[in-house]
Amino acid sequence: MDNNSDKVIIVEGKSDKDKLISILNEPVEIICTNGTMGLSRLEELATEIENRDVYILVDADEAGAKLRKMLQRELPNAEHLYIHKMYREVAKTPLMYLANILLGARFTINKNCLG
């Protein structure tokens, strides 16, 4: 199992992944879709992570909504995490706000992110 973790977070890009790495204080596999993902890759991914706790955290924009809808079809048991529309992008969301979202989803976070 990758990263010795039962938890997987799916994000859109590397900057989102880097931001989450700075907040999380536990091993979590973070998968970047790099925007969109082909259906065959998506099905492959769903098979790889089907027995793990999957979380989806994408941007609050049209592309993010489209990706979330695709992921929801392939990963119906995934838990969806949402940022506020005013931040639009995960990478631009304040650390403290993201930390609270992750805390609410039962992740262990870096205490420095709570201000």
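Bear in mind that the values here come from a model prediction, so they are computed numbers and not experimental data.

Rules behind the numbers
- Residues numbered from 1 in each chain as written.
- Predicted model: local features only at pLDDT ≥ 70, side-chain atom pairs only at ≥ 80, totals over all residues.
- Heavy atoms only, no water.
- Helix = DSSP H or I, 4+ residues; strand = E, 2+ residues; numbered from the N terminus.
- Rg over C-alpha atoms; globule rule 2.2 N^0.38 Å.
- Contact = heavy atoms within 4.5 Å.
- Areas by Shrake-Rupley, 256 points an atom, 1.4 Å probe, with all protein chains shown as cover.
- Buried < 20%, exposed > 50% of the residue type's maximum accessible area, 1.4 Å probe, protein only.
- Axes fitted to C-alpha atoms, helices over the stretch in contact; angles between N-to-C directions.
- Parallel < 35°, antiparallel > 145°, perpendicular 65-115°, else oblique.
- Nonpolar A, V, L, I, M, F, W, Y, C, P; charged D, E, K, R; others polar.
- Core = buried A, V, L, I, M, F, W, Y, C linked by side-chain atoms within 4.5 Å.
- Arc of directions from axis to C-beta.

1. Some details on the overall build of the protein
Looking only at helices and strands, the protein has four helices and four strands in total. In the protein, the succession of α and β elements from N to C terminus is β-α-β-α-β-α-β-α. Taken over the C-alpha trace, the protein has a radius of gyration of 13 Å; the compact-globule value for 115 residues is 13 Å, and the two agree within 12%. Pairs at least 24 residues apart make up 59% of the contacts formed inside the protein by residues separated by at least 6 positions. Entry remark: accessible area of the protein is about 6600 Å², with carbon and sulfur atoms responsible for 48%.

2. What about unusual backbone geometry?
Of note in this structure, R88 is not a glycine but carries a positive phi near 60°. Along the chain, R88 turns up in the loop between β4 (79-81) and α4 (95-104). Even without being a glycine, R106 presents a positive backbone phi close to 70°. Owing to a relative accessible area of 53%, R106 belongs among the exposed residues under this scheme.

3. Points about the packing of helix α1 (residues 14-23) against α4
Where α1 meets α4, the closest approach of the two axes is 10 Å, and the angle between their N-to-C directions is 75°. With respect to their mutual orientation, α1 and α4 come out roughly perpendicular. Contact residues: α1 offers K19, L20, S22 and I23, while α4 offers L95, L98, A99 and L102. For the contact of α1 with α4, the residue count by class is six nonpolar, one polar and one charged.

4. Observations concerning the nonpolar core
In terms of nonpolar packing, the biggest core is built from 20 residues, with I9, L20, L24, L57, L98, L102 and F107 touching the most fellow members. For this core, the secondary structure elements donating two or more residues are β1 (7-11), α1, β3 (53-57) and α4. With four residues, the top contributor of residues to this core is α4. Not counting residues up to four positions away in its chain, the partners in contact with I9 are L20, L24, V28, E29, I30, I31, Y55, L57, L102 and F107. Judged by nonpolar contacts, the second largest core, of 16 residues, contains I10, L42, L71 and A78.

5. Focus on α4
For α4, every residue scored as buried is listed here: L98, A99, I101 and L102. Seen end-on, α4 carries its buried residues on one side only, within an arc spanning 160°. Looking at the buried positions of α4, the neighbouring elements they touch are β1, α1, β3 and β4. Immediately beyond the C-terminal end of α4, within one or two residues, lies R106, with a positive phi of roughly 70°.

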